[in-house]
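Listed below are the residues making up each chain.
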Amino acid sequence: MGIWLGLACVFALFALPCFAAPLLQLKGGSVTACEDEKTNNDLILADKYLQRFYAFQPDLTSRSKRSLPSFSSKLKDMQNFFRLNQTGTLDPDTLAVMKTPRCGVPDVEEYVHNRGNRWQKNVITYSVGKYTNDLPQATVDSLIASALDVWAKASPLRFFRSYSQHADIMVKFVTKNHGDSFPFDGPRGTLAHAFDPGEGIGGDVHFDDEENWTADSNGFNLYLVAAHEFGHALGLRHSQNPESLMYPSYKIRKTVNLLSSEDIRKIKALYGPSIQRPFHPRLSWNYPFNSWYSGFYFPMGLKDKCNPDLSFDSVTTLGEAIFFFKGRYLWIRHNNKNDIKEGPISNFMPNITSKIDAAYWVPQRSAAYLFSGSSYWTVKGSQVKGRRKNISSLGFPTWVKQIDSAVHIHKTVHTLFFTQHLYWRFNENQKTMEDSYPRKISEDFPGIPTPISAAFYKNGFLHFFIGVEVYKYNIKLRKIIDINKANSWLGC
Ligand code: ZN
Ligand code: CA
Ligand code: ZN
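Draft legend 1. Summary view of the sheet that holds strand β14 (residues 367–372). Strand order in the open sheet formed by four strands is β13-β14-β15-β16, and the pairing between neighbours is antiparallel. Two strands in the sheet have a free side with no partner beyond their single neighbour: β13 (358–362) and β16 (383–390). Across the sheet, the mean angle separating the axes of adjacent strands is 20° when strand polarity is ignored. As judged from the six bridges shared by β14 and strand β15 (residues 375–380), these two strands associate in the antiparallel manner.

Draft legend 2. The arrangement of the coordination of the zinc ion (ligand 1) in detail. Donor atoms from the polypeptide that coordinate the zinc ion (ligand 1) comprise Cys103 (SG), His228 (NE2), His232 (NE2) and His238 (NE2), at 1.9 to 2.2 Å from the metal. In this structure, the zinc ion (ligand 1) is coordinated by four donor atoms arranged in tetrahedral fashion, with angles at the metal of 98 to 115°. Positions of the donor residues of the zinc ion (ligand 1), expressed as sequence spacing, correspond to C-x124-H-x3-H-x5-H. Pair noted here: His228 and His232 are both in helix α6 (residues 222–233), with a separation of four residues, about one helical turn. In this structure His228 comes out as buried when scored by relative accessible area, which is 6%. Since its relative accessible area comes to 2%, His232 is described here as buried.

Draft legend 3. The arrangement of the packing of helix α5 (residues 137–153) against α6 in detail. Interhelical geometry of α5 versus α6 gives an angle of 45° and a closest axis separation of 8 Å. Taken together, the axes of α5 and α6 lie oblique to each other. Seen from above, α5 lies across α6 with right-handed handedness. Where α5 abuts α6, its residues Val140, Leu143, Ile144, Ser146, Ala147, Leu148, Val150 and Trp151 lie against Leu222, Tyr223, Ala226, Ala227, Phe230 and Gly231. Class assignment of the residues belonging to the contact of α5 with α6 gives a composition of twelve nonpolar, two polar and no charged.

Draft legend 4. Focus on the state of the cysteines. Scanning the model with the defined rule gives one disulfide in all. Sulfur-sulfur distance for the disulfide between Cys306 and Cys492 comes to 2.0 Å. Between Cys306 and Cys492, the S-S dihedral sits near -80°, and the bridge is therefore left-handed. One end of the pair, Cys306, is in the loop between α7 (261–271) and β9 (314–318); the other, Cys492, is in the segment after β25 (479–485), and 186 residues separate them in sequence. Residue Cys492 is classed as partly exposed on the basis of its relative accessible area of 36%.

Draft legend 5. Highlighting the sheet that holds strand β23 (residues 461–466). Read from one edge of the open sheet, four strands run β22-β23-β24-β25, paired in antiparallel fashion. Looking along the sheet, the strands with just one partner apiece sit at the ends: β22 (454–458) and β25. Averaged over all pairs of adjacent strands, the angle between their axes in this sheet comes to 20°, without regard to strand direction.

Draft legend 6. Quick look at the side chain of Glu229. Within the secondary structure, Glu229 is located in helix α6. Lacking a salt bridge, the buried Glu229 has Arg102 as its closest oppositely charged neighbour, with an N-O distance of 8.4 Å. In this structure, Glu229 is in contact with Cys103, Val105, Ala192, His193, Ala194, Val205 and Phe207, ignoring residues within four places of it in sequence.

Draft legend 7. Here's a closer look at the pattern of salt bridges. Within the structure shown, the criterion is met by 14 salt bridges. Note that Asp185 and Arg52 form a salt bridge whose closest N and O atoms lie 3.7 Å from each other. Taken together, the residues span a long stretch of sequence, with Asp185 in the loop between β4 (169–174) and β5 (190–194) and Arg52 in helix α2 (residues 37–54) at a distance of 133 residues. Between Glu210 and Lys176 there is a salt bridge, and its shortest N-O distance comes to 3.1 Å. Here Glu210 is found in the loop between β6 (205–208) and β7 (213–214), whereas its partner Lys176 is found in the loop between β4 and β5, with 34 residues between them in sequence.

Draft legend 8. Structural view of the nonpolar core. Trp151, Phe159, Ile169, Phe207 and Phe230 are the most contacted members of the largest nonpolar core, which has 46 residues in total. The set of elements that each furnish at least two residues to this core consists of β2 (123–130), α5, β4, β5, β6, α6 and α7. If you look at the next biggest cluster of nonpolar residues, it comprises 35 residues, including Val362, Phe417, Tyr423 and Trp424.

Draft legend 9. The packing of α2 against helix α3 (residues 71–81), seen in detail. Where α2 contacts α3, the axes come no closer than 10 Å and their chain directions differ by 70°. Looking at the two axes, α2 sits roughly perpendicular to α3. With respect to the hand of their crossing, α2 and α3 are arranged in left-handed fashion. Seen from α2, the contacting residues are Ala46, Asp47, Tyr49, Leu50 and Tyr54; seen from α3, they are Phe71, Lys74, Leu75, Asp77, Met78 and Phe81.

Draft legend 10. Region of interest: the packing of aromatic side chains. Applying the stated criterion to the full structure yields 38 aromatic pairs. When the centroid spacing of 6.4 Å and the interplanar angle of 40° are considered together, the rings of Phe323 and Phe325 count as tilted. An angle of 75° between the planes, with centres 6.2 Å apart, marks the rings of Phe417 and Phe426 as edge-to-face. Given a relative accessible area of 3%, Phe426 falls into the buried group.

Draft legend 11. The arrangement of the coordination of the zinc ion (ligand 3) in detail. For the zinc ion (ligand 3), the full set of protein donor atoms is His178 (NE2), Asp180 (OD), His193 (NE2) and His206 (ND1), and the range of their distances to it is 1.8 to 2.0 Å. Because the angles between the four donor atoms bound to the zinc ion (ligand 3) fall within 96 to 117°, the donor set is best described as tetrahedral. Here the donor residues for the zinc ion (ligand 3) map to a single chain with the spacing H-x1-D-x12-H-x12-H. Placement of His178 in the loop between β4 and β5 and of His193 in strand β5 is noted, with a sequence separation of 15 residues between them. His193 carries the same exposure label as His178, and that label is buried.

Cut-off values and rules
Residues numbered from 1 in each chain as written. Chains lettered and ligands numbered in written order. Predicted model: local features only at pLDDT ≥ 70, side-chain atom pairs only at ≥ 80, totals over all residues. Heavy atoms only, no water. Pairing = 2+ DSSP bridges. Helix = DSSP H or I, 4+ residues; strand = E, 2+ residues; numbered from the N terminus. Axes fitted to C-alpha atoms, helices over the stretch in contact; angles between N-to-C directions. Donors = N, O, S within 2.8 Å, 3.2 Å for Na, K, Ca; no water. Tetrahedral: all angles 85-135°; square planar, octahedral: opposite > 155°, others 65-115°. Buried < 20%, exposed > 50% of the residue type's maximum accessible area, 1.4 Å probe, protein only. Parallel < 35°, antiparallel > 145°, perpendicular 65-115°, else oblique. Left-handed = near helix turned anticlockwise from the far one by under 90°. Contact = heavy atoms within 4.5 Å. Nonpolar A, V, L, I, M, F, W, Y, C, P; charged D, E, K, R; others polar. Disulfide = S-S within 2.5 Å. Lys, Arg positive; Asp, Glu negative; His and termini not counted. Salt bridge = Lys/Arg side-chain N within 4 Å of Asp/Glu carboxyl O. Core = buried A, V, L, I, M, F, W, Y, C linked by side-chain atoms within 4.5 Å. Phe/Tyr/Trp six-rings, centres within 6.5 Å; stacked < 30°, edge-to-face > 60°.

See the structure below:
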């Protein structure tokens, strides 16, 4: 809004005859009588803009006047960068660019030391030190992870979230002076800045928290700005090409294929070609199979994992990770409870579009079994293997139409299936249902309420999800050890 009001005013001024005289002589030139406050503000803006982004040094002492590049030559540099007419005067097109919100990193090389700097490693850690209040933290986390993923897909780089204050890329939302001699400027103007790869502040990314950060196009889209800033954090410079993500001015873009061929060429020049990553929960942590946002103009709504009413349909370990299913949505937790990926199930396992009642994983076969109603799928990696089968093929009587939960105990090679107040035991070696089942849950798992909506096994303990709670159960002692909120597993 401010831009258009400002421009309208400039256009109006241009209509006045006295503006036929050179419009801009910032220092030492004659100031026309017509110059009003508005124009003065434009001069101040231009002066600051060129100082900040084009290494313009105002000649405060007349002695140094000759040795320093003049205002108008710096203005021409700027016009050249933005492919404007190199008039050397502050014309409306130039002003419009200067008033467009942008990245705080300078456009000219001389300002930037360590040209061509890169990380001397392919595994890079990041940490969010200070959040904005504009968006839920989980949304910020997801947008940041997705923005890094843009670069991960185009390079051999992998990004791991850390919770230390010494991660390679420290992300924070700050205002005005924030300790790095590049203060932010309130709403609009500079939106964010980032530092070249390196020790300490190197690689860090700061967002101006006086902007309205959004996950859509209502304010400044955090995903777009973050993806741009991470480009700097990896060593990239600004591009003159408006189609490139590394173009300095803020621009609404389609979030599909965010990188231009120039961006891709430049990241590859620094780090080499991208690597095809097979799906493996431990290795491909930051790389869900399908692009997170492919097909979406803006990131889709994220589920509130910390909703106190949240329960899960099914939960299973899968390698080092734990998968939590709810409706058609999936959270994947890797080791650390705050290290969580999320999205529609089909983003991670194409072809699975229904809700999952029960799930378990057999490590010996590297296979997961996902149950929906009276049928189940076998999944290896992210691929569904074969057809969906009927649960009767596992040996269930025909009156069992659905399973509440399932858990595989790899020590005994047994899988337990729970439905209502009963459970079955399946021998995975012999692939048969054991004879003396079903048995009553209350007899063999004293104190565990039914129905059990989800269950998984880890480190000798069974974890039973009942509604919004999770019961930690010691199998040997046949005893409940702990009761917690179900979503405590998601860091809530
Ligand atoms: Zn930038
Ligand atoms: Ca700002
Ligand atoms: Zn900063």
